[in-house]
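Close look at the chain arrangement
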Amino acid sequence: MKTADFLIRKKLARSLHYHAQVLAKGGLDNKICQFIGENDMKKQMQQGFTLIELMIVVAIIGILAAIAIPAYQDYVSKSKAAAALADISAGKTSYELLFTEKGDTAITSAGSIGLNGSTGNCSTITVTANSNGVATPAILCNINNPGRIGTGATIGLNRTATGLYQCVVGGGFDTKFAPAGCGT
C-alpha cells in the first residue's frame, strides 16, 4: 500500500514540476491565460446598453411626455386667457373717466377708451355703455384662436351702476382656464 501511495505522489510531483517549467518558459498555459485576459478587456470595451435598458428609458420618457404635454397645453391656455384679460383691463380707467365726465355717448369704440380694436390675444374688442351706468359687458374681448379655451370664447368686464367692474367669461369658454376672479 505504501508503494502505491509513493508512486501516485511521485507522478503528481513530476506533473507539477512539468507544468511549473512550462509556465516559467511562457508555455501553453501562459498563452491561454494571456488570451483570456485580452478577451476580457475587449468585452469590457465593447459593453453598451442592452435593448431592455433602452426600452425602459423610452417608456419613462413616454410616461413623462403623456403627463407633461397636457399640463403644458393647459398652462398655455390659462396664460392666453390671462393675457386677453390684461389687454382689456387697461381700458377700465379711460372708460370710467369718459363715462363720469361725458356720459355714455362718449364711449363709442375701443379706440375711444385707448384700446386697439384687436390685439394678439383678442380678435375684436368691443365696448358698450348705457346711460344708467350698467353695462354687461362694458368691455368685451373675443379671444383670438382660443384653442383649448373653447370655441367662441369671450372674456369681458361688466360695469355696475356704482362703477365696479367684474370679470366674466362667456361663449364656449372652459371655466378651468378662466383667470382668478372671473365668473360666468
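Note that the coordinates shown come from a computational prediction; the quantities given were computed from them, not determined experimentally. (Residues numbered from 1 in each chain as written. Predicted model: local features only at pLDDT ≥ 70, side-chain atom pairs only at ≥ 80, totals over all residues. Heavy atoms only, no water.)

The helix and strand tally for the protein chain stands at four helices and four strands. The linear arrangement of helices and strands in the protein chain, starting from the amino end, is α-α-α-α-β-β-β-β. In the protein chain, buried positions account for 26% of the 184 residues. Counting contacts in the protein chain only where the partners sit at least 6 residues apart, residues at least 24 apart contribute 44% of the total. Carbon and sulfur atoms make up 62% of the accessible area of the protein chain, which amounts to about 12,400 Å² in all. (Helix = DSSP H or I, 4+ residues; strand = E, 2+ residues; numbered from the N terminus. Buried < 20%, exposed > 50% of the residue type's maximum accessible area, 1.4 Å probe, protein only. Contact = heavy atoms within 4.5 Å. Areas by Shrake-Rupley, 256 points an atom, 1.4 Å probe, with all protein chains shown as cover.)

With that settled, consider a nonpolar patch on the surface. A contiguous nonpolar patch, built from Leu51, Ile52, Met55, Ile56, Ile60 and Leu64 and spanning about 620 Å² of accessible area, is present on the exposed surface. By the element assignment, Leu51 lies in helix H3 (residues 51–89). The exposed category is assigned to Leu51, whose relative accessible area is 61%. (Patch = residues over 30% accessible without salt bridge, like charges linked within 9 Å, V, L, I, M, F, W, Y side chains within 5 Å. Salt bridge = Lys/Arg side-chain N within 4 Å of Asp/Glu carboxyl O.)

The next subject is the pattern of salt bridges. For the structure on display, the rule yields two salt bridges. Among the ionic pairs, Asp74 bridges to Arg148, the shortest N-O distance being 2.3 Å. Of this pair, Asp74 sits in helix H3 while Arg148 sits in the loop between strand S2 (135–143) and strand S3 (154–159); the two residues are 74 residues apart in sequence, bridging distant segments of the chain. Among the ionic pairs, Glu96 bridges to Arg159, the shortest N-O distance being 2.7 Å. Of the two residues, Glu96 is situated in helix H4 (residues 92–102) and Arg159 in strand S3; the sequence distance between them amounts to 63 residues.

Take the confidence of the model for the protein chain next. In this model, the protein chain carries a mean pLDDT of 84, and residues with pLDDT of at least 70 account for 77%. Predicted confidence in the protein chain is weakest over helix H2 (residues 28–45), with a mean pLDDT of 56, and strongest over strand S1 (residues 122–127), with 95. (pLDDT = per-residue confidence, 0-100.)

On to the state of the cysteines, then. Throughout the structure, instances matching the rule amount to two disulfides. Disulfide pairing is shown between Cys122 and Cys141; the S-S distance is 2.0 Å. In this structure the cystine formed by Cys122 and Cys141 twists about its S-S bond by roughly -105°; its chirality is therefore left-handed. Here the residue Cys122 occupies a position in strand S1, and Cys141 occupies one in strand S2, the gap between them amounting to 19 residues. Judged by relative accessible area, Cys122 falls into the buried class, the value being 0%. Note that Cys167 is cross-linked by a disulfide to Cys182, the S-S spacing being 1.7 Å. A torsion of 80° about the S-S bond marks the disulfide between Cys167 and Cys182 as right-handed. Of the two residues, Cys167 sits in strand S4 (residues 165–170) while Cys182 sits in the segment after S4, which places them 15 residues apart along the sequence. (Disulfide = S-S within 2.5 Å.)

For the rest of this paragraph, the subject is the pairing of S2. In the sheet, S1 pairs with S2 via five bridges, with the strands oriented antiparallel. Across the sheet, residue Ile125 finds its bridge partner in S2, namely Cys141. (Pairing = 2+ DSSP bridges.)

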